[in-house]
Amino acid sequence: MTPTVLILNGPNLNMLGVRQPEVYGSETLSGIEAACRSHAGRLGLAVDFRQSNHEGELVTWLQEARGRVAGIILNAGAYTHTSVAILDALLVAETPTVEVHLSNIHKREPFRAHSYVSSAAVGMISGFGGHGYLLALDALAHILSAHIVSKDSGKTT
Ligand code: CA2
């Protein structure tokens, strides 16, 4: 069965391409979704792509990810910097997670430099615009293939 990657997007990311192109670029979220779907297909992965402006909905989707998806790509938007609830839900999910940000969060206001999500993620990609989602898919494909190899060889990682 084709492994599924859940790609979750937090508040205001539905406004991409409509406002603030100087910060977030001119790509729309549906353009990023289309690029993710074709890149994931090349990597042998399926994509479940979602966006919500509601913290609780993101938490519920992360809880439901446990055992259902092989990996998670998370751009929690502004909740990155505020949400212990999303961090806790990620810990519940126990699924390899790559954190993504369109902008370089270390080059902006100091409050954006701290992420609650990072401590539950395998790693973070920040500052490459929509291309960051494709880099995150590459990273997850690599992690998942390493898992399969280590399971087959009986070795633990
Ligand atoms: O760089 C990122 O991807 C962010 O996660 C985007 C969040 C921001 O709060 C984080 O610090 C970094 C904001 C997403 C808002 O997106 C908009 C897009 C167009 C117009 C207005 C907001």
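Residues numbered from 1 in each chain as written. Predicted model: local features only at pLDDT ≥ 70, side-chain atom pairs only at ≥ 80, totals over all residues. Heavy atoms only, no water.

### Some details on the nonpolar core
Core analysis: the biggest nonpolar cluster contains 24 residues, and Ile 7, Cys 36, Ile 73, Tyr 133 and Leu 137 have the highest contact counts within it. Contributing elements (two or more residues each) for this core: strand 1 (4–9), helix 2 (29–43), strand 2 (46–51), strand 4 (97–101) and helix 5 (131–152). When residues of this core are assigned to their parent elements, the largest contribution, eight residues, is made by helix 5. For Leu 137, the contacting residues outside a window of four places in its chain are Val 5, Cys 36, His 39, Ala 40, Leu 43, Leu 45 and Ile 73. (Core = buried A, V, L, I, M, F, W, Y, C linked by side-chain atoms within 4.5 Å. Buried < 20%, exposed > 50% of the residue type's maximum accessible area, 1.4 Å probe, protein only. Helix = DSSP H or I, 4+ residues; strand = E, 2+ residues; numbered from the N terminus. Contact = heavy atoms within 4.5 Å.)

### Quick word on the side chain of Asn 75
Within the element layout of this structure, Asn 75 appears in strand 3 (residues 71–75). A relative accessible area of 3% means that Asn 75 is categorised as buried. A polar atom in the side chain of Asn 75 sits 3.0 Å from the backbone nitrogen of Gly 77. If we ignore the near neighbours within four places in the chain, the residues touching Asn 75 are Leu 8, Asn 9, Gly 10, Leu 13, Val 100, His 101, Leu 102 and Tyr 133. (Polar contact = N/O pair within 3.5 Å; in protein donor to acceptor, adjacent residues only side chain to side chain.)

### Examining the sheet that holds strand 3
Taken in spatial order, the five strands make up an open sheet running 2-1-3-4-5, and their pairing is parallel. Looking at strand neighbours, the two that pair on one side only are strand 2 and strand 5 (123–126), the edges of this open sheet. Each strand axis lies, on average, 20° off the axis of its neighbour in the sheet, ignoring direction. Bridging between strand 3 and strand 4 involves three bridges; their strand directions are parallel. Following the sheet pairing, Leu 74 is matched in strand 4 by Glu 99. (Pairing = 2+ DSSP bridges. Axes fitted to C-alpha atoms, helices over the stretch in contact; angles between N-to-C directions.)

### Digging into the packing of aromatic side chains
Within the structure shown, the criterion is met by zero aromatic pairs. The aromatic ring of Trp 61 is capped on one face by Arg 50, whose charged end is 5.0 Å from the ring centroid. (Phe/Tyr/Trp six-rings, centres within 6.5 Å; stacked < 30°, edge-to-face > 60°. Lys NZ or Arg CZ within 6 Å of the ring centre and 35° of its normal.)

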